[in-house]
Every structure is written in C-alpha cells, then in structure tokens.
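Residues per chain are reported as follows:
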Amino acid sequence: MGVKLIGPPNERQKLFLTATERFVAYGGARGGGKSWAVRQKAKLLAANYPGIKILIMRRTFPELQENHILPLTIDLAGVARLSKAERVFEFPNKSRIRFGYCDSESDVGQYQGQEYDVIFIDEATQFTEFMYDHIRACNRGINDFPKRIYLTCNPGGVGHGWVKRLFIDRQYKPGENPQDYRFIPAKVYDNEALLQSDPQYLANLESLPEDLRRAWLEGDWNVFAGQYFTEFRTAKHVCEPFEIPGHWRRYVSLDYGLDMLACYWSAFDGRGRGYIYRELYQPNLVVSDAAARIRALTGNEPVSAFFAPTDLWGRSAETGISQAERFAKCGVPLAKVRQMDRVSGWMSVKEWLKEADGEPSLQIFSTCPNLIRCLPLLLHDQHRPNDCAAEPHEITHAPDALRYLLAGRPARARIPEPDNPFEPERSGDEALAMFGI
C-alpha cells in the first residue's frame, strides 16, 4: 500500500515497534520520540492487517490535531482518506485509524459499546484510572487480529499512580497477568534526530529545577511536577526490616472507612527517629473485623497509643454510638489525635521526611508497600497550594494514617537503666569531668 516509516527508528523505538505484549508502555522522559513511534506503529498495523480497527487517544482534541492528525495527513497522502467529520483515516484494505479524546471523565461515555483491536493512549499519565478502565474495555473484537494497548507516558499527571503501579512498580491486582505488561524506557539521549535538529532542547531539560529535571530528563518516577512530598526518596526513606528493640516506644495509627482501613505500626528510638514497620491496608471491613485484624497483628506488643482522627468520635444519629466506642468495645482503645489543620499536618510530615544529621527522621520498612506507593504520589491542591490534593482519593488513606501518627506527637524511647542501679551510666564527658579533665 505504499506505507513505510518516515525516517529510521532509534533502538528504543525499534523495541516499541516490535513489541507484542498485550499492554506496552513506552517513554519515561521527555523527548524520547513517543508520538512519532505511535504514528508509525499505527499506520504499519493498518497496512499489514486488512480491516483492523485502531484508536489513537489524547486527552484533548487540539493535542490530537497537532501531534497525530496533521502529521499523518502528510504521511498518508495518497494512501488513506481522512474523514474529518468522523476523525478517521480509511485505508483501501478497510483498515481504520480513528482519533479520540477524553477531556473529562464524562467523555468516556462516547466509547461505550465500541470495539477496537489496537488502542494507543498517548501521554497516558494525563488520563485518570477511571478513563483508562473504560477505554480498556473497548479493546476487544471477534476476529484474529492482535488485541493490544500501547501507552506512552512521562512521570506526573493525574494518571501517574496507575501507570507507575502497572509498568514501573509492577504491583498487580487479581486478574492482571504480569506477563502481559512491558515497559520500554526512553530518554532524550535515545533520540538522536531530536538532539541534532534541536540541541538546545537538551540544555533546557538539564537546566530545570531538580524535581522537574529528575522527572523530565532522567525519567525518575519517584518525582514529578506537582508532587507534594518532593523530599521522599526510596533509597533514603525505605529500609529493610529489622528486629525492633524492646525498649522502643510503639504506636499504631489508622485511617478508617469502609472503603479502606489503612493502619500502621511504628516505633521510635532513643533519638526520636521513627520507623513504620507494619502495614494493614484492606477495604470492606466493619469495625469489629477491623479491630480483630489490628489485635491479631499487634499480638503482645506494648503499644503506647492507637492514634485515630477526630471524626471517629462523631456519634451516629441512629444509634448514638461513635466508631471510636465500637473500636474500644472490640479491644482497640483509640486515642484522639489533637486537632490540627491539614496543612500543618502535612508540613509536619515534611519535617519528618527531611534529613537531619545525614539521615531522615522517618523511615518505612519495605514491607509497607502501599504507604511507599501512595506517599510520593500526593499532589499539591490546585486551590490551596500548601495542602495536599484529596484526589485521587484511593492514594490518600495511607498518608492520612501517617499524618495522624505524627499529629499524636509520639515520644522517643527511654534509654534503658544500667544493670547496676547504684552506678548510673555516664556519658563520656561526664566521666572525664569526674577526673577534672
């Protein structure tokens, strides 16, 4: 049909063009040639699979027009006909490339009942997980064509969390087969064509502030534009489990609702440094079941307090009983954290994440995956920049439980008394002073 690549692909683009997994994500940094790769793969599929139905998605129509429709109009001149009214390229072999956008979550309704053999979601981190799930449902058809979804992405945006979960962290839910997912990283250094045509682009990325440079140049998925906790670093704030010394003070803090119980066990050493060492992250638990799970995991550990937010003390209009009372009757006596506005609470978390004497004041055991996942995903609230955004709501439970812990002002451990009660332990300076030194 006369369809061919416009220019040679680089090595990363070759991997994308030849990938056959069900779900393939490509990118990670800016300038990796993502949109070019999408256009080339779409037209090659259309030429090689007569009658195949392809959908290319962007968040807005102007982005579609600029990044795909106009370039493909040039690439496919004399090969495929563009129906502007339907936003579809029609090929002589009956293949079709349609263009779609999803400016808001209500736009997903226009795709209900539609079927596509291959779907491209360009800049997937700009799509919410709700949008992605509805678009993904369209990837079906009773034919022999391959069923694929190809995504391009950079760190950041409202969809950062679900893209990172699937393709970077590879944490899968029931029904998600890890072998179906592949991530192909690409950076501006891989895009020789761009570096030669616009060498200033690299210099611009290298001169960005650290958080943007790490995200857009290095493709670091642990930092991105709009991130609230830019202090968080996996290498510094996540540690491997160790045995908690018996004299350390232990606390439990929780954020409870039927949609999710996020509960964390913490311990504080004699210097006042804290360690989050256990996680309970489970939905659909009534209070009695939640309390039973907390008691079972706590065992005989000496817990100084079970911290919880003030809203659990609100009495039910029907029964006159609060959730806190229900927890107490089930063997988990909650301690109401002091009233603190959200901004002050988040600022406290920032202080604990900040390094002091070369190490952070708070570390998280690697066995607490949901706190490690959710904490760096929180964004600034667009209307209150000093506050965390409350959306996506799913990622707020674990950080809220951490905020309640620190609002409770956990105390440091007491230094154990020396074995000889008649000879108190002295510091080195005190010992030298005894001898007049």
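In case you missed it, the structure is sitting above this.
These numbers were taken from a predicted model, which means no experiment stands behind them.

The rules behind the values
Residues numbered from 1 in each chain as written. Predicted model: local features only at pLDDT ≥ 70, side-chain atom pairs only at ≥ 80, totals over all residues. Heavy atoms only, no water. 1 Å grid on protein atoms, 1.4 Å probe; cavity = no way out; pocket = protein on both sides within 12 Å on 5 of 7 lines; lining within 4 Å. Points joined across faces, edges and corners; volume = space filled by probe spheres on them. Helix = DSSP H or I, 4+ residues; strand = E, 2+ residues; numbered from the N terminus. Nonpolar A, V, L, I, M, F, W, Y, C, P; charged D, E, K, R; others polar. Salt bridge = Lys/Arg side-chain N within 4 Å of Asp/Glu carboxyl O. Buried < 20%, exposed > 50% of the residue type's maximum accessible area, 1.4 Å probe, protein only. Axes fitted to C-alpha atoms, helices over the stretch in contact; angles between N-to-C directions. Left-handed = near helix turned anticlockwise from the far one by under 90°. Contact = heavy atoms within 4.5 Å. Expected span 1.5 Å × (residues − 1). Bend = angle between axes of the 7 residues up to and from the residue. Phe/Tyr/Trp six-rings, centres within 6.5 Å; stacked < 30°, edge-to-face > 60°. Pairing = 2+ DSSP bridges. Polar contact = N/O pair within 3.5 Å; in protein donor to acceptor, adjacent residues only side chain to side chain.

**Student:** Mind laying out the layout of surface pockets, listing which residues take part and the relevant values?
**Tutor:** Leftover empty space is mapped by rolling, across the atoms, a probe with the size of a water molecule. There is about 1000 Å³ of room inside the largest pocket. Around the largest pocket, the lining is made up of 39 residues, and of these Gly157, Val158, Glu391, Pro392 and Ile395 lie nearest the centre. Elements with a contribution of two residues or more to the lining of the largest pocket: helix 4 (129–136), helix 5 (160–168) and helix 13 (369–374). Per-element tally for the lining of the largest pocket: the top contributor is helix 5, with four residues. Taken together, the residues that form the lining of the largest pocket break down as 14 nonpolar, 15 polar and ten charged.

**Student:** Residue-level account of the pattern of salt bridges, with values.
**Tutor:** Under the definition given, this model contains 29 salt bridges. Glu129 is the partner of Arg165 in a salt bridge, and the nearest nitrogen-oxygen pair spans 3.7 Å. Here Arg165 is found in helix 5, whereas its partner Glu129 is found in helix 4, with 36 residues between them in sequence. Among the residues examined, Arg165 registers a relative accessible area of 8% and is labelled buried. Since its relative accessible area comes to 30%, Glu129 is described here as partly exposed. Residues joined in a network through salt bridges with shared partners are Arg81, Glu86, Glu90 and Arg96.

**Student:** Which residues make up the packing of helix 1 (residues 11–18) against helix 2 (residues 34–48), and what values do they have?
**Tutor:** Packing of helix 1 against helix 2 brings their axes to within 10 Å, and their N-to-C directions diverge by 40°. In the packing of helix 1 onto helix 2, the handedness of the crossing is right-handed. Within the contact between the two elements, helix 1 uses Gln13, Phe16, Leu17 and Thr18 and helix 2 uses Trp36, Ala37, Val38, Gln40 and Lys41. Considering only residue class, the contact of helix 1 with helix 2 consists of five nonpolar, three polar and one charged.

**Student:** Give a description of helix 3 (residues 61–75) that names residues and reports values.
**Tutor:** Compared with the 21 Å implied by 1.5 Å per residue over 15 residues, the 20 Å span of helix 3 between its first and last C-alpha is a close match. At His68, helix 3 shows its largest kink, close to 30°, and the proline Pro71 lies no more than four residues downstream. Taken together, the buried positions of helix 3 are occupied by Leu64, His68, Ile69 and Leu72. Tucked into the core, helix 3 has its buried residues touching helix 2, strand 2 (53–58), strand 3 (81–83), strand 4 (88–90) and strand 5 (96–101).

**Student:** So what about the packing of aromatic side chains? Which residues, and what values?
**Tutor:** The geometry of an aromatic ring pair is captured by the separation of the ring centres together with the interplanar angle, meaning the angle of the planes. This model, assessed by the stated rule, comprises 22 aromatic pairs. Each ring, one from Phe23 and one from Tyr181, has its centre 4.7 Å from the other, and the planes form 10°; the classification is stacked. Of this pair, Phe23 sits in strand 1 (residues 23–28) while Tyr181 sits in strand 8 (residues 181–186), and the two are 158 residues apart along the sequence. Grouping residues by exposure puts Phe23 and Tyr181 together as buried.

**Student:** Please set out the sheet that holds strand 3 residue by residue, giving values where relevant.
**Tutor:** Sheet architecture is open: eight strands sit in the order 3-4-5-2-6-7-1-8, paired in mixed fashion. Edge positions in the sheet fall to strand 3 and strand 8, since each of these pairs with one other strand and no more. Averaged over all adjacent pairs, the angle separating strand axes in this sheet is 15°, with direction ignored. Helix-sheet contacts for helix 1 involve strand 1, strand 6 (118–121), strand 7 (148–153) and strand 8, and the interaxial angle to strand 8 is about 160°. Relative to strand 2, helix 3 is tilted by about 135°, and along the sheet it contacts strand 2, strand 3, strand 4 and strand 5.

**Student:** Mind laying out the pairing of strand 17 (residues 362–365), listing which residues take part and the relevant values?
**Tutor:** Burial of the side chains of strand 17 extends over both faces: Leu362 and Ile364 are buried on one face and Gln363 and Phe365 on the other. By the bridge criterion, two bridges tie strand 9 (residues 238–239) to strand 17 in an arrangement that is parallel. Paired with Val238 across the bridge in strand 17 is Ile364. Where strand 12 (residues 274–282) lies against strand 17, three bridges are found, and the strand directions are parallel. In the strand pairing of strand 17, Ile276 is matched with Ile364.

**Student:** Describe unusual backbone geometry, naming the residues involved and giving the relevant values.
**Tutor:** Backbone torsion omega between Glu391 and Pro392 reads -5°, so that peptide bond is classified as cis. By the element assignment, Pro392 lies in the loop between helix 13 and helix 14 (397–407). Phi angles above zero are rare outside glycine, and Arg87 is one such case at about 55°. Along the chain, the position of Arg87 falls in the loop between strand 3 and strand 4. According to the relative accessible area criterion, Arg87 is buried, its value standing at 18%. Phi is positive for Glu123, close to 60°, though the residue is something other than glycine. Inspection of the secondary structure assignment puts Glu123 in the loop between strand 6 and helix 4. According to the relative accessible area criterion, Glu123 is buried, its value standing at 17%.

**Student:** Mind laying out the environment of Glu301, listing which residues take part and the relevant values?
**Tutor:** On the secondary structure map, Glu301 appears in the loop between helix 10 (287–298) and strand 13 (303–308). Given a relative accessible area of 21%, Glu301 falls into the partly exposed group. C-alpha of Glu301 to C-alpha of Val343: the two residues are 42 residues apart in sequence and 32 Å apart in space. A polar side-chain atom of Glu301 sits 2.8 Å from a polar atom in the side chain of Tyr277.

Taken by themselves, the reported measurements are silent on function.
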